[in-house]
Amino acid sequence: MQRFPCPFCGPRAETEFHFAVEAGHPRPDGAPSDADWAAYLYDVDAPKGPAREMWLHVTCGTYFLMTRDTQTREILGAEDLG
Ligand SMILES: [Zn+2]
């Protein structure tokens, strides 16, 4: 099992975390059209290599940014949204 770094709690089991969204992929404002909502949900980059993503540490209820390599699974950093 991999350990993820919560900026507030330190390293914890990956099962305590949920993926939220790619960083820089803002939710549409107001009442988006079906096409805009579908684009938000399904048109993601899913890069191979380093990626910045928002994650939730369920145990402490905090969202934070994590940079990880999606190919090697190496964690490259974690930062609060401060
Ligand atoms: Zn935490």
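Thresholds, definitions, all that
Per chain, residue numbering runs from 1 following the sequence as it is written. The predicted origin of the model limits local features to residues at a pLDDT of at least 70 and limits the giving and counting of side-chain atom pairs to 80 or more, whereas totals for whole chains, interfaces and linings rest on all residues. Side-chain numbers here rest on the full set of heavy atoms in the structure, without hydrogens or water. A run of DSSP states H or I qualifies as a helix once it reaches four residues; a run of E qualifies as a strand once it reaches two. Both are numbered from the N-terminal end. Residue exposure (1.4 Å probe, protein chains only): buried if accessible area is under 20% of the type maximum, exposed if over 50%, otherwise partly exposed. Contact between two residues is taken to exist if any of their heavy atoms lie within 4.5 Å; hydrogens are not considered. The Shrake-Rupley method, run with a 1.4 Å probe, gives the accessible areas here. Residue values count only the displayed protein chains as cover. In these notes, a set of buried Ala, Val, Leu, Ile, Met, Phe, Trp, Tyr and Cys residues joined through side-chain atoms within 4.5 Å is what counts as a nonpolar core. Being paired, for any two strands, means DSSP has found at least two bridges between them. Fitting a line to C-alpha atoms yields each axis, with helices limited to the stretch in contact; the angle taken between N-to-C directions then spans 0 to 180 degrees. Paired rings are identified among Phe, Tyr and Trp, the last through its six-membered ring, by centres lying within 6.5 Å, and are further divided according to the angle between planes into stacked (under 30 degrees), edge-to-face (over 60) and tilted (the rest).

K.L.:
Lay out the overall build of the chain with the relevant residues and their values.
P.N.:
Within the chain, the secondary structure is distributed over one helix and six strands. When the helices and strands of the chain are placed in sequence order, the string is β-β-β-α-β-β-β. Taken along the three principal axes of its C-alpha coordinates, the chain extends 40 × 30 × 20 Å. Taking all 82 residues of the chain together, 27% fall into the buried category. Sequence-distant contacts, at least 24 apart, represent 39% of the contacts inside the chain between residues at least 6 apart. Roughly 5,500 Å² of accessible area belongs to the chain as shown, and the carbon and sulfur atoms make up 50% of that amount.

K.L.:
Now, about the nonpolar core: what can you tell me, with residues and values included?
P.N.:
Counting six residues, the largest nonpolar core is built from Phe4, Cys6, Phe17, Trp55, Phe64 and Met66. If you list the elements that add at least two residues to this core, you get β1 (3-6) and β5 (62-69). Setting aside its immediate chain neighbours within four residues, Trp55 contacts Phe4, Phe17, His18, Phe19, Ala20, Thr62, Tyr63, Phe64, Met66 and Arg68.

K.L.:
How would you explain unusual backbone geometry if you had to name every residue and give the values?
P.N.:
A positive phi angle, close to 45°, is found at Ala46, a residue other than glycine. In this fold, Ala46 is placed in the loop between α1 (34-42) and β4 (50-57).

K.L.:
Residues and numbers for the sheet that holds strand β6 (residues 75-80), please.
P.N.:
Backbone hydrogen bonds hold the strands of a sheet together, and the pairing may be parallel or antiparallel. Within the open sheet, the four strands sit side by side as β3-β4-β5-β6. Their pairing is antiparallel. The open sheet is flanked by β3 (17-22) and β6, the only strands paired with a single partner. This sheet shows a mean twist of 35° between the axes of neighbouring strands, independent of strand direction. Of the pairings in the sheet, the one linking β4 to β5 comprises eight bridges and is antiparallel in character. Considered in β5, the bridge of Arg52 is made with Thr67.

K.L.:
If you had to explain the packing of aromatic side chains to someone new, which residues and values would you point to?
P.N.:
Across all of its chains, the model carries five aromatic pairs by this definition. With centroids separated by 5.1 Å and ring planes inclined at 75°, the aromatic side chains of Phe4 and Trp55 adopt a geometry described as edge-to-face. Pair noted here: Phe4 is in strand β1 and Trp55 is in strand β4, with a separation of 51 residues, a long-range link. Per residue, the accessibility class of Phe4 equals that of Trp55, and both read buried. The interplanar angle of 35° and the centroid separation of 5.3 Å between the aromatic rings of Trp37 and Tyr40 together place this pair among those described as tilted.

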